[in-house]
Amino acid sequence: MDIDEFFKRPTPLFILILLIVILIAKLLRLETTDYLITIMFFIGIAMALNIIMGFAGYVSFGHTVFLGISGYVFALLVYYNRDFANLMNMYSGIPIFFIALLAGGVSALVAFLVGIPVLKLKGAFFAIATIGLDFAALYIIKAFIPILNPEFFGAQIILPAYALAYKDNVFVAMYITFALIIIANYLIRRSRFGMGLLAISEDEDAAEALGVPTTKYKLISFALSAFFTGMLGAVFGLNSGGVDENLFNLAHTIDMIVMIVIGGIGTVMGPLVGSIIYFILYDTLLVTYPEFNLVILGFIVAVIVLFAPRGVVGILRGKQFMGKKLRDIIE
Amino acid sequence: MRSRLAIATSTLVVLIIIILAIIGGAVWYFMSLQGGAQYGGVIKIGVTVSLKGKFQHEGDLALKGMQVAVKWINDHGGVNVGGKKYNVTLVYYDDESSPDRVPELYSKLIEEDKVDILLAPYSSTLTKAAAPVAEQFKKVIVSHGGASDSIFQQGYKYAVQALTPATKYLKSIVTLLKEQNDPDIKIALIYENTAFSSTVAKGAKAAIQEAGLNLVYEFAYEKGTQDFASVIEEAKAAGANVLLGGGHFQDGVALTQQAWQLGWKLKAIGILVAPTLPDFYQKLGDAANGVMAPAQWEYGVKYSPDVAKNLGVEWYGPTNDEYIEMFRDMFGGEPDYHAAEATAAVLFAVKAIEKAGSLDSDAIRAAAGQLDILTFFGRLKIDPQTGLQIAHEMVVIQWQNGEKKIIYPEAAAQASPIYPATNWWQR
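Since we're looking at a predicted model, the values are computed, not measured.

Asker: Quick question: what am I supposed to make of the confidence of the model for chain A here?
Answerer: Confidence along chain A averages 88 in pLDDT terms, with 97% of residues attaining 70 or more. Averaged over each element, pLDDT in chain A is lowest for helix H1 (residues 3-8) of chain A (64) and highest for helix H11 (residues 214-239) of chain A (94).

Asker: Mind showing me how you'd approach the side chain of A:Ser225 here?
Answerer: As for its position among the elements, A:Ser225 is in helix H11. Apart from residues no more than four positions distant in its own chain, A:Ser225 is found in contact with A:Ala48, A:Leu49, A:Ile51, A:Ile52 and A:His63.

Asker: Please clarify how the domain arrangement of chain A should be interpreted in this entry.
Answerer: When the parts of a complex come together, some accessible area is lost, and that lost area is often taken as the interface size. Residues and elements named next belong to chain A. Domain annotation of chain A identifies domain 1 (33-249) and domain 2 (270-331). Centre-to-centre, using C-alpha coordinates, domain 1 lies 24 Å away from domain 2. The partner domain 2 presents nine residues to the twelve residues of domain 1 that form the contact. Both sides together, the interface formed by domain 1 and domain 2 hides about 920 Å², and carbon and sulfur atoms give 75% of it. Where domain 1 packs against domain 2, one counts zero salt bridges. Summed over the shared surface of domain 1 and domain 2, the result is zero residue pairs in polar contact (both at pLDDT 80 or more).

Asker: How do you make sense of the sheet that holds strand E13 (residues 373-375) of chain B when you look at a structure like this?
Answerer: Backbone-to-backbone hydrogen bonds pair the strands of a sheet. The strands run either parallel or antiparallel. Residues and elements named next belong to chain B. Overall, mixed pairing links the three strands, which are arranged E12-E13-E14 in an open sheet. A single partner strand is all that each edge strand has here, and the edge strands are strand E12 (314-315) and strand E14 (378-380). Taken together, the two bridges between E12 and E13 define a ladder with parallel strand orientation. When the bridges of E13 are listed, Trp315 appears paired with Leu374. Helix-sheet contacts for helix H12 (residues 337-356) involve E12, E13 and E14, and the interaxial angle to E13 is about 150 degrees.

Asker: Please explain helix H2 (residues 56-75) of chain B as it appears in this structure.
Answerer: Because the α-helix completes a turn every 3.6 residues, residues three or four places apart line up on one side. All names here are of chain B. The terminal C-alpha atoms of H2 lie 28 Å apart, and with 20 residues this matches the ideal 28 Å at 1.5 Å per residue to within 8%. For H2, the set of buried residues is Glu58, Gly59, Leu61, Ala62, Leu63, Gly65, Met66, Val68, Ala69, Val70, Trp72 and Ile73. Here the buried face of H2 lies against strand E1 (42-49), strand E2 (79-81), strand E3 (84-94), strand E4 (117-119), helix H11 (320-331) and H12. Looking one or two places after H2, you find Gly77, whose phi comes out positive at around 85 degrees.

Asker: Would you mind going over empty space enclosed by the protein with me for this structure?
Answerer: Here the idea is plain: a probe the size of a water molecule rolls over the atoms and shows the empty space left. In total, this model carries four cavities of 30 Å³ or more according to the counting rule given. When its volume is computed, the largest cavity comes out at roughly 80 Å³. If you go around the largest cavity, you meet ten residues; those closest to its centre are A:Glu31, A:Tyr35, A:Asp283, B:Glu104 and B:Lys108. Mapped onto the lining of the largest cavity, the elements with two or more residues apiece are helix H13 (269-288) of chain A together with helix H3 (102-111) of chain B. The leading source of residues in the lining of the largest cavity is H3(B), at three residues. In the lining of the largest cavity, the residues fall into four nonpolar, one polar and five charged.

Asker: Can you help me understand the pattern of salt bridges in this one?
Answerer: Any two side chains of opposite charge can pair, so long as their charged atoms come close to each other. Scanning the model with the defined rule gives 23 salt bridges over all chains in all. Across the pair B:Arg101 and A:Asp283 runs a salt bridge, and its minimum N-O distance is 2.9 Å. Placement of B:Arg101 in the loop between E3 and H3 and of A:Asp283 in helix H13 is noted, with the two residues assigned to different chains. A salt bridge links B:Asp372 to B:Arg379; its shortest N-O distance comes to 2.8 Å. By relative accessible area, B:Arg379 is classed as partly exposed at 26%. Taken together, the shared-partner salt bridges in this structure form one network comprising B:Asp182, B:Asp184, B:Lys186 and B:Lys267.

How each quantity is defined
Residues numbered from 1 in each chain as written. Chains lettered and ligands numbered in written order. Predicted model: local features only at pLDDT ≥ 70, side-chain atom pairs only at ≥ 80, totals over all residues. Heavy atoms only, no water. pLDDT = per-residue confidence, 0-100. Helix = DSSP H or I, 4+ residues; strand = E, 2+ residues; numbered from the N terminus. Contact = heavy atoms within 4.5 Å. Domains from an automatic or database assignment. Buried area = accessible area lost by both parts, 1.4 Å probe. Salt bridge = Lys/Arg side-chain N within 4 Å of Asp/Glu carboxyl O. Polar contact = N/O pair within 3.5 Å; in protein donor to acceptor, adjacent residues only side chain to side chain. Pairing = 2+ DSSP bridges. Axes fitted to C-alpha atoms, helices over the stretch in contact; angles between N-to-C directions. Expected span 1.5 Å × (residues − 1). Buried < 20%, exposed > 50% of the residue type's maximum accessible area, 1.4 Å probe, protein only. 1 Å grid on protein atoms, 1.4 Å probe; cavity = no way out; pocket = protein on both sides within 12 Å on 5 of 7 lines; lining within 4 Å. Points joined across faces, edges and corners; volume = space filled by probe spheres on them. Nonpolar A, V, L, I, M, F, W, Y, C, P; charged D, E, K, R; others polar.

Put into structure tokens, the structure is as follows:
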């Protein structure tokens, strides 16, 4: 792809600008480090789920399970291996990213194995099966962790202070993870693989008949989605000083789904814009109107879903701009 | 036509969002301006409280407790820091009982609201997310609702604790048992297998060993257990004559009830949580008499300035009557221990600042390590190294003739303990 064509397309440009803005906000201290880590986490989980839900049309309602699995893998690795913990304080936090890769890999493996039977289900049945997976994993961890080490407070692992000595390192790891996820989203959307996923979401049988290897594609996208979700869970768990049952909380999945839906399903730009709007709105309301924030937010989300069922970006895609069909350029 | 409508609605939606964002931003700005415009003599205490979610009840009471403390301090001339008078103000956000936004909100408290000292959120789950932020910015953070000890074993330098940790929950009852000088004490420890109760049991075992008492039976039952018959028979067979344990309300009631029905002759019964609630007596009647329970704080404890004088430590804060009256005046309800421990944490934080004579965090932390005060909540003193609370004792209550009486420690007691529990032992 030549460079001119690259800049004619708003999505990569938007991704580039977003990454630069976050970096500037960090360097000029426009926002606190923890704010940036948190916003990247929330945009990231929406983008990670987007790969299976947005592209392939499979609503993985228990997706938060991968935050939990990788969060715990990461926390255990760091808790029991002091070398890891020491490494994390060196090289600007890049080792955190590599340990998170490892933790994400475990989620990908779980998703792959579970996906073989579960991805045969469709619609609500798939969603319910993934919720089941979430609860199963949660109960296994609740039973397993206290046996593993009675020093833990129940299923809660609190990391030692030295593991989290520099929040800037966590920022670096989160930033790389975040960049990886949104760039991967864009590349997948543009690829033959991504086209195949979109075909699956339109009509799976037709896609199969036209030669899309649906089973393989679904499995890969589920595993990839779990991999990215897991990486975020690992880094975010570290930033929370440790992991606990909260990572398995279905509220995370609801956040992810809402962010994707208000942005526009089936695109890269949609969940990106949707999650930014949702996060900033949520955060501002939480700080300013803690009593009513959920009511106001619920109202706004309801309005968007009612009047723009295809999301904020979805609506734009139906329009023309300066003689161009926006559908052709917004991905 | 359809597309025109779509344009109109989408424009409307975008407009609504923009307007709301502007309003929100304006209010936010205005509020921060008010905060910033206050005169130099204000000490800001930052905290997130759980106004929604699973800790809503505890969070609400904790916030009220903090507000009572702030009002009391300001009504009594504020704080004297290095010869200057300061007022105290509370800056708080809602953490929705989830650790997700805790680091972000604590960063905001420190960097944007420029608070001087922090209080931890409720529960150890949330505290573990706040402690690294406090550490990063070198701010002292006082824990009021995290009874877990583990956060204080991770090397956080600026975290200090204002309530009794879980491992010490049953220590008061064990001490009380030892003071009876009864050579024939055989303890059965039967507790719920949850994070909190297991930690309590672990501490109880250590205390029993330390006191040289005899532990003859131990069993951890799963959450939700209602049938204890076989466990009780096993404990009886092991010769146990003292029962310690429990977990939550339902199981605590069931355990006591079945021990009574199965004719277990017990000299003493110490159950977590359940007996502190009035429902306990209503459900059990005479079986409740003699049952003991530990509590962080109880309505009617007798800590007072006179007691402080006897102990040779400084008294700080409202008296119990004053406290309860202030709470009623401000909020119209009764405080419970969640409120009391939050109040105590504010008092401890402010006293540490006063003792430090400056708002420098290292000075405050050093002063906190030296502090030894008595408040309506009890005595407060931390281990200078780890920040763990070492002086605050659980009060022990005992049901005596249908009334809940505080029996331990002596400084707080309303009545003397009945040992052995006559209605259980001699029947």
